[in-house]
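Secondary and tertiary structure notes
Chain by chain, the residues run as shown.
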Amino acid sequence: MFSAIAKFFSGGSSELKQASLYERIGGDATVNAAVDLFYRKILADDRINQFFEGVDMDKQSAKQKAFLTMAFGGPGNYSGEDMRKGHAHLVAKGLDNSHFDAVIENLGATLTELNVPADLISEAAAIAESTRNDVLRK
Ligand code: HEM
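Residues numbered from 1 in each chain as written. Predicted model: local features only at pLDDT ≥ 70, side-chain atom pairs only at ≥ 80, totals over all residues.

The end-to-end C-alpha distance of helix α3 (residues 27–44) is 26 Å, a good match for the 26 Å that 18 residues give at a rise of 1.5 Å each. If you look at α3, its biggest bend is around 30 degrees, right at V35. Where α3 is buried, its residues touch α2 (21–25), α4 (57–71) and α6 (97–113). (Helix = DSSP H or I, 4+ residues; strand = E, 2+ residues; numbered from the N terminus. Expected span 1.5 Å × (residues − 1). Bend = angle between axes of the 7 residues up to and from the residue. Contact = placed C-beta atoms within 7 Å.)

Moving on to the nonpolar core. In this structure, F38, L68, A71, F72 and L107 are the most contacted members of the largest nonpolar core, which totals 20 residues. Secondary-structure elements contributing two or more residues to this core are α2, α3, α4, α6 and α7 (118–129). Among residues more than four places away in sequence, those in contact with F72 are L21, Y22, I25, V31 and A124. (Core = buried A, V, L, I, M, F, W, Y, C linked by C-beta atoms within 7 Å. Buried ≥ 20, exposed ≤ 12 C-beta atoms within 10 Å, placed from the backbone.)

What follows deals with α6. Compared with an ideal rise of 1.5 Å per residue, which puts 17 residues at 24 Å, α6 spans 24 Å between its outermost C-alpha atoms and is within 8% of the ideal. Considered for burial, the residues of α6 that qualify are H99, V103, N106, L107, T110 and L111. Projected onto a plane normal to the axis of α6, the buried residues spread over an arc of 130 degrees and lie on a single side. In α6, the exposed positions angled more than 90 degrees off the buried face are occupied by N97, S98 and T112. On its buried face, α6 sits against α3, α4 and α7. Trailing α6 by a residue or two, N115 shows a phi angle of about 65 degrees, which is positive. (Arc of directions from axis to C-beta.)

Honestly, it's all geometry; don't read function into it.
What follows is the structure in structure tokens.
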């Protein structure tokens, strides 16, 4: 019964689609709020800030926004191939699992500070986690 009603209200699609985490978390407004904080944390983190040396400051904010939108399952089509290419030069500089872990940690800390509920933070971390092998070119 519920699923029949759900189908009706979801426009007749065959499955009830849950809103993306991006939408549930507050969409663009939350992403924008998170961008500055996440970026500041990353740059202040001596485990990983060396990878951001010489990175174009103006373009960086758009990249951080892309990063967070992706972590929230929002719009944007980043294929595994893009992630592999986008980080290839960093892998050449030694980017490894420990750095990836540090980024995930900063993501969690950012969302915690913005009062995002723990279950949604876990979802964001899982989505970010799913890119690990591509980012690290494994
Ligand atoms: C959750 C995993 C990650 C995602 C989803 C992600 C996402 C992205 C995206 C979308 C870009 C922009 C690509 C472009 O269009 O140029 C990017 C660039 C970048 N990422 Fe990541 N990233 C991840 C992990 C990491 C890690 C672990 C590091 C380093 C500790 C890192 C450092 C960088 C840097 C420095 C750039 C800019 C590169 C440049 O402009 O030279 N990323 N990332």
